[in-house]
Amino acid sequence: KSVLYTAADVHSGKKLLDLSTNWFEDKTKYALYNQKEMALQKYEGTKSQVQTYRTLYENGDKEAKDVKCMYWAPKDYQMDICTVEGTVSSDDVVTLENGVLYKQKFRLRKDVFPPGINSFPFFHFQEWKRVYRSTQLLMSQNARSAASPGLIVTKEGSLPLFNTESTSWRKQSKLGKPKIVSNDWMISDTGSTSSRQSSNKFCLKSSLKGYPKGATVCNVSASWMGARANDSSSSSTMVEGSATVNIIRSPAATSKLRGKKKGDSAIPSWWDDKLFDAVNGVTLSLTLQITSTDMKDESVVKNLLSLADSNIYAWGTNQPSVLLIYLDASVEDGDILARTRELVKETFGTNDSDTPQMAHLKSSLVTIVESEEPSVSRKALMNMAAHAAPTRWIVTGLELERGLVLSKEASLHATREALVHTNMPGHVFVIPQFASTRDDTRANAGKEEDVFLTERHLFSSVGADLLPMIREKQTMSSNLEEFDCMKCSGSKLDAVEDKDDDESGLGGGESFGDDEEEEASPDEEEEDDGQQRRRLTELSSFEKSAEVQLEDLWWNLSVVQVYGTAGGFNSKVKTSLSTVSKAEDHIEVALITLLDRSKDHEQYLRHFDKSPILMIDRNGPRKGMMTLDLAAEVEEFRGRKCYNLLRLAQLAVLGYNINVLPGVFAASYPKTRSAVCKKENTQRCDCELESEATIKQLLIDEVKRPGKIAVLMNELESNVDQ
């Protein structure tokens, strides 16, 4: 027999965990179970006909023909198999006999299962399959080769199963077991390595499905498996529903890849693992969107490319970097698009046109992605860029479009933390971002570096050595919006919701905040983004936000690092081990609290106006946990301000250690901000999905999935401890 069994109720859950996995082999104690010819359930009562929409239609209800259910069946048969709501209960067996549906009660036979244990039916998840997004099922792609013993498939996606060997890495070390953890990500996650590309598809643009409510469909996707190497004919090979991916330069273009023939552009070049340390290396992952409006102003395009080049230069040549550039191929003037492609190649060169000035690009993968969508999901581009990284550690989230440049020595500090945490997986380091009120005016004329920066049109940045002075003079602000060249035009959805697109579409009556939406007053409709930021700040004034706590900790640790003493700047820094530990705990609690479904926290989560810059470990805190698959960016959340903080909150729920990267920051400067200024003064910033109900359903799924994984981990830990 193959039987699924579960706890009969919440209170008997522990009995299920304590039950031996081979309990059913005891033929003396469970004799009935071992009688293969005997059914586990038995019928009760009499059989009765079930009312279907066909019977309603035949009795004069003409609207019954429009019924929608069980979409896996042809529409002609749905009236016959869709039962009228309330006519079938969970203890009914439904059968189809000679074209007629019948139901009959059943019950479980006595003394078949251990006390507190019940069987349950396998759910045919055709309906779930219609709702799944690709990022919800990443854990299932490598299930057969992964370290985890299996998967649980839920409405919210696939969850990894854990056994006793999947407990915390730290517990394994205490037990005296060797910690060979560094290479798990190479085998188990769906990201790339130096020798293979990720096979994932990334959804650049999605839209609403008519049914089920809360579901989306991907309109345009991109994949590394479909990439071409330096193919100048990308526009002519565009396929509907797919974006073209053209690798401009790659570190391994001249290396011998298995299966690659000379001159074969269909097989993309990939990484040369001789240039970096895959285990302890850190990849800088960058994305950039160039719109058709940008293309009409060549100076803006050049400045955007220079910002990307500046960050790669700051990152250095000893660590790899990925730059993913999206071009809007819907521009009417094909010459402008062709010129933009040429500007990309002139800036970053191709593998056949390297010059000494491009030496800092030797470990860079530069790729152009094109489709006829005016704009695409930045989160999808972030996922795609991160999944191209060949190293265990990845820095992701830096927003080039805001004029941000990494600080000097960023790569050095990041590499040091990676080395320190080689055998301590499951860490996430936050890199703060600021808007500087002044450019770097220190005298540097005539120096070789300055000449190079000028010739390459690179933007310079400052290093950690200036942090004490910056903090004292307060020349950097964490409020990027105040200095943005393009302001947000508002955060209300412009689209009018369909009548059926209400809270009932969230499933199970679950929602964030109140179910009823009050009509906005004229003043609220005109609320600008600055007012909204102040309002959200006031809502969380009763406690320090996670952002403020992270920045406080970062300033303290960074300034101490500059001075090399626990006294810090003006002896005001608190950096004792216990103080830092408490700060980390408070930060994780603040992040987890954002997912508690309260209206205030949901609004703060939704309208957080920064893209967090994170250095993530592809190995999770427990064996079998793969970061890229467990907590990918939600690609359907398009828009500059659309749940940017969600991923960091998910990682906190999943048990990752959230910390800061001392001495590393990103900042925009007057020069960099003015360089990317555009003719438009405003832009839409809120979530771009046209349905509030769908947005809320996506959020519910993204809160439940990591929550369920956390419950599984806690049950495992408590079981092991006993």
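Residues numbered from 1 in each chain as written. Predicted model: local features only at pLDDT ≥ 70, side-chain atom pairs only at ≥ 80, totals over all residues. Heavy atoms only, no water.

Draft legend 1. Highlighting the overall build of the chain. Along the backbone of the chain there are 23 helices and 24 strands. Split into buried and exposed, the 722 residues of the chain put 51% on the buried side. Considering only residue pairs separated by 6 or more positions, the chain has 78% of its internal contacts joining residues 24 or more positions apart. Of the accessible surface of the chain, which amounts to about 33,900 Å², a share of 50% is contributed by carbon and sulfur atoms. (Helix = DSSP H or I, 4+ residues; strand = E, 2+ residues; numbered from the N terminus. Buried < 20%, exposed > 50% of the residue type's maximum accessible area, 1.4 Å probe, protein only. Contact = heavy atoms within 4.5 Å. Areas by Shrake-Rupley, 256 points an atom, 1.4 Å probe, with all protein chains shown as cover.)

Draft legend 2. Layout of the sheet that holds strand β22 (residues 657–660). Taken in spatial order, the nine strands line up as β10-β11-β14-β13-β12-β15-β21-β17-β22 in an open sheet, and their pairing is mixed. Edge positions in the open sheet fall to β10 (228–229) and β22, since each of these has one partner strand only. Inspection of the sheet shows β10 paired to strand β11 (residues 244–249) by two bridges, in the parallel sense. Pairing of A229 across the sheet is with I247, part of β11. Contacts from helix α11 (residues 378–386) reach β11, β12 (282–290), β13 (321–328), β14 (364–371) and β15 (393–396) within the one sheet, and its direction differs from that of β12 by about 145°. (Pairing = 2+ DSSP bridges. Axes fitted to C-alpha atoms, helices over the stretch in contact; angles between N-to-C directions.)

Draft legend 3. Inspection of the packing of helix α9 (residues 298–315) against helix α10 (residues 334–348) at higher detail. One can describe the packing of α9 onto α10 by two numbers: an axis separation of 10 Å at closest approach and a directional angle of 30°. Considering their axes alone, α9 and α10 lie roughly parallel with respect to each other. Here α9 runs over α10; the crossing is right-handed. Contacts between α9 and α10 pair E298, V301, K302, L305, A308, D309 and I312 from the former with R339, T340, L343, V344, T347 and F348 from the latter. Looking at the contact of α9 with α10 residue by residue, the classes come out as seven nonpolar, two polar and four charged. (Parallel < 35°, antiparallel > 145°, perpendicular 65-115°, else oblique. Left-handed = near helix turned anticlockwise from the far one by under 90°. Nonpolar A, V, L, I, M, F, W, Y, C, P; charged D, E, K, R; others polar.)

Draft legend 4. Geometry of the side chain of T87. One can find T87 in the loop between α3 (75–81) and β3 (92–97). On the accessibility criterion, T87 (18% relative accessible area) is buried. In terms of polar contacts, T87 uses its side chain to reach the backbone carbonyl oxygen of V84, at 2.6 Å. In this structure T87 touches V50, Q51, D92 and K103, once residues within four positions along its chain are discounted. (Polar contact = N/O pair within 3.5 Å; in protein donor to acceptor, adjacent residues only side chain to side chain.)

Draft legend 5. Representation of the state of the cysteines in the model. All chains considered together, the criterion is met by four disulfides. The residue that forms a disulfide with C485 is C677, at a sulfur-sulfur distance of 2.0 Å. Disulfide C485-C677: torsion about the S-S bond near 130°, hence right-handed. Of the two residues, C485 is situated in the loop between β19 (476–477) and β20 (487–488) and C677 in the loop between α22 (670–675) and β24 (682–683); the sequence distance between them amounts to 192 residues. (Disulfide = S-S within 2.5 Å.)

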